[in-house]
Amino acid sequence: MTIVADGRDPAFAPTSPIATAFRPDRGLGQVVGLLWIYATYDRVRTRVAGSASVAVAHAKQVASAERVLGLNVEHAVQQAALHVSWLAAACNVTYSTTHLVTPPLVLFVLYRRSPQRYRHWRNVFLMTLGMALLCFWLYPLAPPWLVPSSSHLVDTSATAFSIDHTPVAGWIGSASGSAGPSWAGATNSFAAMPSLHVAWAVWGSLAILPQLRRRRSRTAAALYPTVIVLAVIVTANHWVLDAAAGAALVAVAAVAVTALESLHARLLTRPHARVVV
């Protein structure tokens, strides 16, 4: 027997291109796994809800910080939108629906077109979920529309058209975990910091942009996070700082995943001793 040094451990080395590619027959497993993880996240998020008094106190802290920073624009933005009935309605619908479509659509496109990017951005998405749960537990925060009298912001689902007014409201509410009034009792209304609506919009834009070729598609993907920021502010479901925290969360998650992937790659390529007969 001879001990030889090799630059790659054969136990981990792929034997063919097929070994590193995502096969179509694995797609169902990916879907089932991601749905299970999201369902688990949704249950845990509901259980880490803090008390209303603490959440409102935190909201007043955020409102105070925004006044110091000159970011307290929620009231002005909402009032401007309420003078344009279709804009307030569009923001209601955008807030309630688009975040349900974006993650699965982006992951599907990446899975089909770029398995390597799919793996990376899937992991960033999962890291974002985990980090958000920690934030929701440590810092429960009431959304602006739930803070009594301090911000003079209203629940736009009560003043303009909303999915809440349609027969599918119950399904949307249970699926989205929205902080809207009709289903507020069935979810964690204080899971506002950071804004996952904004986080998922930034995540989706960064993940899908390199896969788009048409200028209109690239422009739409680039502007999508801005549209979501407008929607969460107009509907008074998030503070401006929630939106900023959502974008920052994705950045931190992406850096963490990149570091872990780099460490994993180094471990796989590190010299190992193997026995040759």
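Residues numbered from 1 in each chain as written. Predicted model: local features only at pLDDT ≥ 70, side-chain atom pairs only at ≥ 80, totals over all residues. Heavy atoms only, no water.

### A few points about the nonpolar core
Here's step 1: Of all hydrophobic cores here, the largest spans 40 residues; its most connected members are L110, V124, F136, L196, W203 and I208.
Here's step 2: Secondary-structure elements contributing two or more residues to this core are helix 2 (27-47), helix 5 (85-113), helix 6 (115-138), helix 8 (196-208), helix 9 (215-234) and helix 10 (240-269).
Here's step 3: Ranked by the residues each element gives to this core, the list is headed by helix 8, at 9 residues.
Here's step 4: Residue contacts for V124: discarding those within four places in its chain leaves W203, V250, A253, A254 and V257.
Here's step 5: Counting 12 residues, the second-largest nonpolar core is a separate cluster that includes V56, A63, A192 and W239. (Core = buried A, V, L, I, M, F, W, Y, C linked by side-chain atoms within 4.5 Å. Buried < 20%, exposed > 50% of the residue type's maximum accessible area, 1.4 Å probe, protein only. Helix = DSSP H or I, 4+ residues; strand = E, 2+ residues; numbered from the N terminus. Contact = heavy atoms within 4.5 Å.)

### Notes on the packing of aromatic side chains
Here's step 1: Considering all chains together, one arrives at 5 aromatic pairs under this definition.
Here's step 2: Summarising the aromatic geometry, the rings of Y38 and Y41 are spaced 5.4 Å apart at their centres and angled 45° between planes, so their arrangement reads as tilted. Of this pair, Y38 and Y41 both sit in helix 2, separated by 3 residues, roughly a single helical turn.
Here's step 3: Residue Y41 is classed as buried on the basis of its relative accessible area, which comes to 3%.
Here's step 4: With centroids separated by 6.1 Å and ring planes inclined at 55°, the aromatic side chains of Y38 and W200 adopt a geometry described as tilted. (Phe/Tyr/Trp six-rings, centres within 6.5 Å; stacked < 30°, edge-to-face > 60°.)

### Observations concerning helix 2
Here's step 1: The end-to-end C-alpha distance of helix 2, which contains 21 residues, comes to 31 Å, matching closely the 30 Å that a straight helix rising 1.5 Å per residue would cover.
Here's step 2: Those residues of helix 2 that sit buried are G27, L34, Y41, D42 and R45. All buried residues of helix 2 lie within an arc of 100° about the axis, which places them on one face of the element. The exposed residues of helix 2 that point more than 90 degrees off its buried face are L28, W36 and R47. (Expected span 1.5 Å × (residues − 1). Arc of directions from axis to C-beta.)

### A short note on the pattern of salt bridges
Here's step 1: Scanning all chains against the criterion turns up 1 salt bridge.
Here's step 2: Among the salt bridges present, the one from D42 reaches R45, with a minimum N-O distance of 2.7 Å. Within this pair, D42 and its partner R45 are both found in helix 2, separated by 3 residues, close to a single helical turn.
Here's step 3: Relative accessible area serves as the criterion here: at 18%, D42 is assigned to the buried category. (Salt bridge = Lys/Arg side-chain N within 4 Å of Asp/Glu carboxyl O.)

### Quick notes on the packing of helix 6 against helix 10
Here's step 1: Contact pair helix 6 / helix 10: the axes reach a minimum separation of 8 Å and the direction vectors enclose 125°. For the element pair helix 6 / helix 10, the angle class is oblique. In terms of crossing hand, the pair formed by helix 6 and helix 10 is right-handed. Within the contact between the two elements, helix 6 uses R119, H120, N123, V124, M127, T128, M131 and A132 and helix 10 uses L249, V250, V252, A253, A254, A256, V257, T258, L260 and E261.
Here's step 2: A class-by-class count of the residues in the contact of helix 6 with helix 10 yields 12 nonpolar, 4 polar and 2 charged. (Axes fitted to C-alpha atoms, helices over the stretch in contact; angles between N-to-C directions. Parallel < 35°, antiparallel > 145°, perpendicular 65-115°, else oblique. Left-handed = near helix turned anticlockwise from the far one by under 90°. Nonpolar A, V, L, I, M, F, W, Y, C, P; charged D, E, K, R; others polar.)

### A closer look at the side chain of H58
Here's step 1: Mapped onto the elements of the fold, H58 is located in helix 3 (residues 52-69).
Here's step 2: When neighbours within four sequence positions are excluded, H58 is seen to be in contact with L138, Y139, P140 and L141.

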